[in-house]
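What follows is each chain in one-letter form.
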There are 2 protein chains.
Amino acid sequence: IVIDGVCPLLMEPGNVTYYMDGGLTAAVPTIAIRETAEQTLRIFGRWHRFIEGHDRLRLARKASDIEAAKQAGDMAIVFHFQGTDAVEDDLDLLDAYKALGLGMVQLTYNVKCRVGDGALERTDAGLSLFGQDLVRRCNALNLIVDGSHTGERTTLDAMETCDGPFVFSHANAKALHPSPRNITDDQMKACAATGGVVGINGFPSFLGDDSRPSLDRFIEFIDYAVDLMGIDHVGLGIDYYMGMDPIIPADKARARYDDAIKTGRWDAAVYPPPPHYFPKGIETPVTLSNLTAGLLARGYGDADVRKIMGENWLRVFRQVWGG
Amino acid sequence: IVIDGVCPLLMEPGNVTYYMDGGLTAAVPTIAIRETAEQTLRIFGRWHRFIEGHDRLRLARKASDIEAAKQAGDMAIVFHFQGTDAVEDDLDLLDAYKALGLGMVQLTYNVKCRVGDGALERTDAGLSLFGQDLVRRCNALNLIVDGSHTGERTTLDAMETCDGPFVFSHANAKALHPSPRNITDDQMKACAATGGVVGINGFPSFLGDDSRPSLDRFIEFIDYAVDLMGIDHVGLGIDYYMGMDPIIPADKARARYDDAIKTGRWDAAVYPPPPHYFPKGIETPVTLSNLTAGLLARGYGDADVRKIMGENWLRVFRQVWGG
């Protein structure tokens, strides 16, 4: 079972081939970040059509769907929001998204929204009233709540409100590299206390100042998270995305980058300009199996490697979704 | 098994109590008529929330869900569109609506739309290119296609394009009363040839000129349909709705009516002003069981009554949806 807990590279569904070639059991496409409800509905429609027309894909609504995909040699798809703009002002939309197959909801994307403050905001005032209601509704609907890209206070508030596992789908230890997109030991320990998972992120500027990070550097973040939280709370949230090298040409990557800066979703101090190179050896999802060898070489036992590579995610999915 | 194939009275979900008190096994709320995709998504969200919070309701995605509801003393809900405005220009939205539980799609609502001409239109030019694609997509998604409120040519075209049962969820024989909302013998026979069902409508002006029609008059339309198409192709599509007597006060009914006239969806020659009284004895869904007695008194055998009251609908549901 190999699961990457965050796959914005799948904002283009056709990119599933990267993950399938890499032997993934489940991929977690980003369905919406800043989209309206109407735009989000269209994206769901496109994805349902895509899965229906693809003989090796299946939608995961229960943990057992992922196990069945493994058995059949298929790949499972977990729908994920990176932000709550799609919920607009109406929590009943979450009920609709759940019916559409949504599995996990990230509270904010770097900037302030109705729910709380983002990780790159000027303020970090904590979860809003609407945000509290949203977390409770996620609990009622068996949706996983995700604190990535979200301000520290907002995530700590959310973990107090949330019943059951709370995750950081993709976030690294601030103790190893002080990016505002990374998270504190307090956040990580609180996450582990809920039974959740922190997905270790391969985006270069969240690993350090090296624009071409090594696999060893990536594994250092795994080591740190395992040491702090225990082996049951660390997974992958590698964050392969549409603007990375070598997915799209440099000029298009730059245009995407400029747009993210312009809208305030990215900050140049936190996200340096492209090209963005993921860790050597696991540059794209196709090469992800090299991580298994890297972990074994580092001294992790088979059972621990399986937990990190996907079983911890699967445990959270089972606990929240059932099945 | 008692199924009313069209329930615009459930545009207010709380009105389920009328149907539950009437002993219905399945009700078919109108989710959208002229709503945008975004509005429709919100309505689905509201309904999913409502069903989740109601211990005697369950969503029907398969025929067996309705049988299970019967067994448990629950009521099943079948989501229905009366029109295709919610599909906007994007057939993938149908994939999303299917995932949201949509079961049946009516092509037009009285006026012209992207798909074809409505039953009250000036023209009846037939199914559009988009309409052909929509019917094919409905087939691919196992959605039932419904020709009610739609122009004759458009429905005949649609029946040629459609694989499997095609229905008129709520439409009466024009041979008995020449309302433009009623359908010709050709339409009824073509529907039966697909294996479909025509739901007999209780809206007063589709039954005749009597503003307070009798139950006998309603049953005359059943008799006619059974004689023309055979017992396997006649069901209920009674059309109890939000503006009928005695559901809402006269002034509110009038305001709804004026809006329907103003938007061209209704025509005063076809839809006289309220109050609108449904047939005596079955004035509201609560009293629907009186129809069973009426049919038995008219000489229908038990098996035939069961077909008319719901089993024919269930057969179509099973054939199109499976289960």
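Structural data are supplied above this passage.
From a predicted model like this one, the values you see are computed outputs, not experimental measurements.

Engineer: Could you clarify how one ought to interpret the nonpolar core in this entry?
Structural biologist: Taken as a class, soluble globular proteins show a tendency for nonpolar side chains to be buried jointly. In this structure, A:Leu94, A:Tyr97, A:Leu291, B:Leu94, B:Tyr97 and B:Leu291 are the most contacted members of the largest nonpolar core, which totals 226 residues. Aside from chain neighbours lying at most four places away, what touches B:Tyr97 is A:Leu41, B:Ala37, B:Thr40, B:Phe44, B:Phe81, B:Ala86, B:Val87 and B:Leu102.

Engineer: Would you take a moment to explain the relation of the copies chain B and chain A for this structure?
Structural biologist: For the pair of chain copies, the relating operation is a rotation around an axis with a shift along it. Superposition record for chain B on chain A: RMSD 0.0 Å, screw rotation 180°, translation along axis 0.0 Å. Classification of the inter-copy transformation places it as that of a two-fold axis. By C-alpha distance to the rotation axis, the residue of chain B lying nearest is B:Glu38, at 2.3 Å.

Engineer: Whenever I open this one, the interface of chain B and chain A confuses me. Can you help?
Structural biologist: How big an interface is tends to be expressed through the accessible area that disappears when the partners come together. Taken together, the 22 residues of chain B in the interface contact 23 residues of chain A. With both sides pooled, the region where chain B packs onto chain A buries about 1900 Å², and carbon together with sulfur makes up 61% of that total. It is B:Leu41, B:Arg42 and B:Arg49 that lose the most area in chain B upon contact with chain A, and together they represent 33% of the buried surface on that side. Inspection of the chain B/chain A interface yields eight salt bridges. Between A:Asp95 and B:Arg49 there is a salt bridge; the shortest N-O distance is 3.2 Å. Linking chain B with chain A are eight residue pairs in polar contact (both at pLDDT 80 or more), by the criterion used here. Those elements giving two or more residues to the side of chain B that touches chain A turn out to be α2 (37-52) and α4 (92-99) of chain B. In terms of residue count, α2(B) provides more of the side of chain B that touches chain A than any other element does, nine residues in total. Here the side of chain B that touches chain A is built from residues that sort into nine nonpolar, two polar and 11 charged.

Engineer: Would you take a moment to explain the state of the cysteines for this structure?
Structural biologist: Overall, the coordinates contain zero disulfides over all chains when judged by the stated rule. Unpaired in terms of disulfides, A:Cys191 finds its nearest cysteine sulfur in A:Cys162, a separation of 10 Å. In this structure B:Cys7 is a free cysteine whose sulfur lies 18 Å from that of B:Cys191, the closest cysteine sulfur available. Relative accessible area serves as the criterion here: at 0%, B:Cys7 is assigned to the buried category.

Engineer: In this structure, what is going on with the pairing of strand β1 (residues 3-7) of chain A? I would like to understand it.
Structural biologist: Walk down a regular strand and you will see the side chains alternate between the two sheet faces. Residue and element names in this part refer to chain A. The element β1 is extensively covered by neighbouring structure, given that five of its five residues are classed as buried. Summarising the sheet, β1 and strand β2 (residues 26-32) pair through three bridges and their orientation is parallel. In the sheet register, Ile3 faces β2, and the bridge partner there is Ala26. Crossover connection from β1 via helix α1 (residues 16-21) to parallel β2: handedness right-handed.

Engineer: What's the story with the pairing of strand β6 (residues 102-106) of chain B in this structure? I'm lost.
Structural biologist: Residue and element names in this part refer to chain B. Where burial is concerned, most of β6 is hidden: five out of the five residues are buried. As paired elements, β6 and strand β7 (residues 144-146) share three bridges and run parallel to each other. Pairing of Met104 across the sheet is with Ile144, part of β7. Between the parallel elements β6 and β7, the chain passes through helix α5 (residues 129-140) in a crossover that is right-handed.

Engineer: Which parts of the structure should I look at to understand helix α6 (residues 152-161) of chain A?
Structural biologist: Each α-helix winds once per 3.6 residues, and so residues spaced three or four apart point in a common direction. Residues and elements named next belong to chain A. Among the residues of α6, those classed as buried are Thr154, Thr155, Ala158, Met159 and Thr161. Across the axial projection of α6, the buried residues extend over an arc of 160°, all falling on one side. Along its buried surface, α6 packs onto α5 (129-140), β8 (166-167) and α7 (185-193).

Engineer: Looking at this structure, I do not really get the packing of α6(A) against α7(A). What am I missing?
Structural biologist: Helix packing for two helices is described by the angle between their axes and how far apart those axes are. Residue and element names in this part refer to chain A. Contact geometry of α6 with α7 gives a least axis separation of 10 Å together with a crossing angle of 20°. With respect to their mutual orientation, α6 and α7 come out roughly parallel. Relative to α7, the crossing made by α6 is left-handed. Seen from α6, the contacting residues are Glu152, Thr155, Leu156 and Met159; seen from α7, they are Asp186, Gln187, Ala190 and Cys191. For the contact of α6 with α7, a count of residues per class yields four nonpolar, two polar and two charged.

Engineer: Any chance you could explain the packing of aromatic side chains here in plain terms?
Structural biologist: Geometrically, a pair of aromatic rings is defined through the distance of the ring centres and the angle of the planes. In the structure shown here, the tally under the stated rule is 40 aromatic pairs over all chains. Ring geometry for A:Phe44 versus A:Phe79: centroids 5.3 Å apart, planes at 80°, classification edge-to-face. Placement of the pair is A:Phe44 in helix α2 (residues 37-52) and A:Phe79 in strand β5 (residues 79-82), with a sequence separation of 35 residues. Here A:Phe44 and A:Phe79 have matching classes, each one buried. Look at A:Phe44 and A:Tyr97: their rings are 5.8 Å apart centre to centre, the planes differ by 25°, and that puts the pair in the stacked class. Taken together, the residues span a long stretch of sequence, with A:Phe44 in helix α2 and A:Tyr97 in helix α4 (residues 92-99) at a distance of 53 residues. Residue A:Phe44 is classed as buried on the basis of its relative accessible area, which comes to 0%. By the ring-pair criterion, three or more aromatic residues cluster together here, those being A:Tyr19, A:Phe203, A:Phe206, A:Tyr240, A:Tyr241, A:Tyr257, A:Trp266, A:Tyr271 and A:Phe278. A cation sits over an aromatic face here: A:Arg212 above A:Tyr277, 3.7 Å from the ring centre. One Lys or Arg, B:Arg114, reaches over the ring of B:Phe130 and ends 5.7 Å from the middle of that ring.

Engineer: What's the story with the pattern of salt bridges in this structure? I'm lost.
Structural biologist: Inspection of every chain in the model, using the stated rule, returns 42 salt bridges over all chains. Taking the shortest distance from any N to any O, the salt bridge between B:Asp216 and B:Arg298 comes out at 3.5 Å. With B:Asp216 in helix α9 (residues 215-229) and B:Arg298 in the loop between α11 (289-297) and α12 (302-321), this pair connects stretches of sequence that are 82 residues apart. By relative accessible area, which is 47% here, B:Asp216 ends up partly exposed. Residues participating in the shared-partner salt-bridge network are A:Glu38, A:Arg42, B:Glu88, B:Asp89 and B:Asp90.

Calculation notes
- Residues numbered from 1 in each chain as written.
- Chains lettered and ligands numbered in written order.
- Predicted model: local features only at pLDDT ≥ 70, side-chain atom pairs only at ≥ 80, totals over all residues.
- Heavy atoms only, no water.
- Core = buried A, V, L, I, M, F, W, Y, C linked by side-chain atoms within 4.5 Å.
- Buried < 20%, exposed > 50% of the residue type's maximum accessible area, 1.4 Å probe, protein only.
- Contact = heavy atoms within 4.5 Å.
- Least-squares fit on C-alpha atoms with pLDDT ≥ 70 in both.
- Buried area = accessible area lost by both parts, 1.4 Å probe.
- Salt bridge = Lys/Arg side-chain N within 4 Å of Asp/Glu carboxyl O.
- Polar contact = N/O pair within 3.5 Å; in protein donor to acceptor, adjacent residues only side chain to side chain.
- Helix = DSSP H or I, 4+ residues; strand = E, 2+ residues; numbered from the N terminus.
- Nonpolar A, V, L, I, M, F, W, Y, C, P; charged D, E, K, R; others polar.
- Disulfide = S-S within 2.5 Å.
- Pairing = 2+ DSSP bridges.
- Right-handed = clockwise from strand over helix to strand, strands pointing away.
- Arc of directions from axis to C-beta.
- Axes fitted to C-alpha atoms, helices over the stretch in contact; angles between N-to-C directions.
- Parallel < 35°, antiparallel > 145°, perpendicular 65-115°, else oblique.
- Left-handed = near helix turned anticlockwise from the far one by under 90°.
- Phe/Tyr/Trp six-rings, centres within 6.5 Å; stacked < 30°, edge-to-face > 60°.
- Lys NZ or Arg CZ within 6 Å of the ring centre and 35° of its normal.

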